[in-house]
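# Remarks on the overall topology
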Amino acid sequence: MRKIQMVDLKSQYDKIRKEINSALQNVIESSAFINGPEVKNFQNDLEKYLGVKNVIPCANGTDALQVSMMALGLKPGDEVIAPSFTFVATAEVIALLGLKPVLVDVDPDTFNIDPTAIKKAITPKTRAIVPVHLFGQTADMDAIMEIANKNKLFVIEDNCQAIGADFTMKDGSTKKSGTLGNVGCTSFFPSKNLGCYGDGGAIFTNDDALAQKLRMLVNHGMQTRYYHDMIGVNSRLDSIQAAILKIKLQKLDEYAAARNAAAAYYDNAFKGNPKLKTPVRFKKSTHVFHQYTLVTNGFDRSKLIEHLNEKGIPAMIYYPVPMHMQKAYLDPRYKQGDFPATEALAKSVISLPMHTELDEEQLKYITESVLEFVK
Ligand SMILES: *Cc1c(COP(=O)(O)O)cnc(C)c1O
């Protein structure tokens, strides 16, 4: 049996080695490492795939979030609503820009931001909402956009974990996650669903004026070289990463199908077990399974992790500490008990290996090993 890993990038690379190597060689031969034609080519492909008017490549997902907030003209003191159950980057950029993060609870079934909690958190100072499409499925964007439109708020989708997921609108049409709000952000970190071989990210928007501003901001605030019209940052996707992403984008749907097959295997093995709650599928979104996350019930999950590790199986906790309980983000506005769903999840979730290369032998071994412990 192949070694079981949380993410197996080497086995994935082995299947596309020839294409990747030749694309890398081309970039090196051309030596157009920054802003080579690969970047524009990938940008065009991603715009087509997502059905969005503008993709702005940048250096990573955290920058994508930060630059989006800068482009929307958010000012120090403005309140930005975000879920407490997320990866730190979401809250980090809000705080770094001097904005005020207003954290809210999530839905205990989908792990995504709870629209009712958003409504309650709105004040006259609220300017934006950042739904995070956690673990691979879209938050309730119908409800969120309705709240945003009614209260004139911007919506910045943190789509770092859900690229490729389809959201079904009220009228039955579908749209790609990340293209439903004012801006969508993604990360091409190697372990993400569309990952490169280093750091990378992108911003999506259908708003052409905003796109122009975003393109300037990621490029030192300039349109004409050495004429700086606004204070920007340096955030680029390099040509080598773009060349890799162009190849992997063609496989993204196939990769999502492989992840879904692994998830279905897990679901089937654990169904009906009262100690393990399998991931609930949100009816308005497809799931691209960035993570396969179980909610444990009635036993010490750290003992399960120990048991799995002893058998050569990795398992992770995403995320052990809610944002409002993180040392750097402690705020007298919040105390333990404020966000019951988030706090319960932080204490009980466990994520199993999830990637595009899991085979049946590995899945059988993982599920049997879990069930040995959780009888
Ligand atoms: C990965 C991730 C980010 C940050 O992306 P980087 O490319 O690592 O900067 C932000 N938000 C979420 C939810 C993520 O999973």
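Right, let's get into the overall build of the protein. Within the protein one finds twelve helices and twelve strands. Computed over the C-alpha atoms, the radius of gyration of the protein is 21 Å, within 12% of the 21 Å expected from 2.2 N^0.38 for a compact globule of 375 residues. Referenced to the eigenvectors of the C-alpha coordinate spread, the extents of the protein come out at roughly 65 × 55 × 45 Å. Buried positions account for 55% of the 375 residues belonging to the protein. Considering only residue pairs separated by 6 or more positions, the protein has 73% of its internal contacts joining residues 24 or more positions apart. As displayed, the protein has an accessible area near 16,400 Å², and 54% of this comes from carbon and sulfur atoms.

A packed helix pair is summarised by two numbers, namely the angle formed by the two axes and the spacing between the axes. It is the contact of helix α9 (residues 252–270) with helix α12 (residues 360–373), at a shortest axis distance of 10 Å, that shows an interaxial angle of 30°. By the angle between their directions, the pair α9 and α12 is classed as roughly parallel. Between α9 and α12 lies a crossing of right-handed hand. Residue-level contacts link A262, Y265, Y266, A269 and F270 of α9 to E360, L363, K364, I366, T367, V370 and L371 of α12.

Before going further, it helps to examine a nonpolar patch on the surface. A cluster of nonpolar side chains, namely I28, F33 and I34, defines an oily patch on the protein surface of about 260 Å² accessible area. Inspection of the secondary structure puts F33 in the loop between α1 (9–30) and α2 (37–50). Here F33 falls in the partly exposed class, since its relative accessible area comes to 37%.

Turning our eyes to something else, we now look at the site of the ligand. By nearness alone, every residue bordering the ligand is listed as N60, G61, T62, F87, A89, V132, D158, C160, Q161, S187 and K192. At 2.7 Å, a side-chain N or O of S187 approaches an oxygen atom of the ligand. Here K192 contributes a side-chain N or O atom positioned 3.0 Å from an oxygen atom of the ligand. Bound to the protein, the ligand loses 92% of the 380 Å² it would expose on its own. For the shell around the ligand, the per-class residue count stands at four nonpolar, five polar and two charged.

This brings us to the sheet that holds strand β10 (residues 276–277). The strand order across the open sheet built from three strands is β10-β11-β12, with neighbouring strands paired in antiparallel fashion. Unpaired on one side and paired on the other, β10 and β12 (349–352) mark the two borders of the sheet. Sheet topology places strand β11 (residues 292–296) next to β12; four bridges connect them, and they run antiparallel. Paired with T293 across the two strands is S351, which belongs to β12. Against the sheet, α9 engages β10, β11 and β12, with an angle of about 20° to β11.

Taken as a whole and judged by the stated rule, the model has 14 aromatic pairs. Plain terms: the ring middles of F85 and F135 are 6.3 Å apart, the flat faces sit at 90° to each other, and that makes the pair edge-to-face. Linking F85 in the loop between β2 (79–83) and α4 (89–96) with F135 in the loop between β4 (126–129) and α6 (141–151), this pair joins segments that are 50 residues apart in sequence. Ring-pair connections join several aromatic residues into one group, and the members of that group are F85, F87, F111, F135, Y318 and Y319.

Considering the arrangement of structural elements, one finds T86 in the loop between β2 and α4. Within the local environment of T86, its side chain forms a polar contact with the side chain of T90, the two groups lying 3.1 Å apart. For T86, the residues in contact, after removing those within four places along its chain, are V132, L134, Y319 and M323.

Attention now goes to the pattern of salt bridges. Following the criterion strictly, the structure yields 20 salt bridges and no others. One salt bridge in this structure joins D166 and K176, with 3.1 Å as the shortest N-O distance. Separated by ten residues along the polypeptide, D166 in strand β6 (residues 166–168) and K176 in strand β7 (residues 174–176) bring together distant segments of the chain. Residue class for D166 comes out partly exposed when judged on its relative accessible area of 24%. The shortest N-O distance in the salt bridge between D331 and R333 comes to 2.9 Å. For D331, a relative accessible area of 22% translates into the label partly exposed. Beyond isolated ion pairs, a larger network of salt bridges with shared partners links R2, D8 and D359.

By the criterion of burial, strand β9 (residues 201–205) is predominantly enclosed, with five of the five residues buried. Examined bridge by bridge, strand β1 (residues 54–58) and β9 share five bridges and lie antiparallel to one another. In the sheet register, N54 faces β9, and the bridge partner there is T205. Note that strand β8 (residues 183–187) and β9 share four bridges and pair antiparallel. In the strand pairing of β9, S187 is matched with G201.

On the secondary structure map, S11 appears in helix α1. What makes S11 buried here is its relative accessible area of 13%. In the structure, S11 is positioned 190 residues away from G201 in sequence and 23 Å away in space, judged by C-alpha atoms. For S11, the contacting residues outside a window of four places in its chain are R2 and E357. A polar atom in the side chain of S11 sits 2.6 Å from the side chain of D8.

This part covers the pairing of β1. Taking burial as the measure, the five residues of β1 include five buried ones, the bulk of the element. Residue alternation in β1 divides its side chains into two sets, N54, I56 and C58 and V55 and P57, and both sets are buried.

Cut-offs and rules
Residues numbered from 1 in each chain as written. Predicted model: local features only at pLDDT ≥ 70, side-chain atom pairs only at ≥ 80, totals over all residues. Heavy atoms only, no water. Helix = DSSP H or I, 4+ residues; strand = E, 2+ residues; numbered from the N terminus. Rg over C-alpha atoms; globule rule 2.2 N^0.38 Å. Buried < 20%, exposed > 50% of the residue type's maximum accessible area, 1.4 Å probe, protein only. Contact = heavy atoms within 4.5 Å. Areas by Shrake-Rupley, 256 points an atom, 1.4 Å probe, with all protein chains shown as cover. Axes fitted to C-alpha atoms, helices over the stretch in contact; angles between N-to-C directions. Parallel < 35°, antiparallel > 145°, perpendicular 65-115°, else oblique. Left-handed = near helix turned anticlockwise from the far one by under 90°. Patch = residues over 30% accessible without salt bridge, like charges linked within 9 Å, V, L, I, M, F, W, Y side chains within 5 Å. Salt bridge = Lys/Arg side-chain N within 4 Å of Asp/Glu carboxyl O. Near = heavy atom within 4 Å. Polar contact = N/O pair within 3.5 Å; in protein donor to acceptor, adjacent residues only side chain to side chain. Nonpolar A, V, L, I, M, F, W, Y, C, P; charged D, E, K, R; others polar. Pairing = 2+ DSSP bridges. Phe/Tyr/Trp six-rings, centres within 6.5 Å; stacked < 30°, edge-to-face > 60°.

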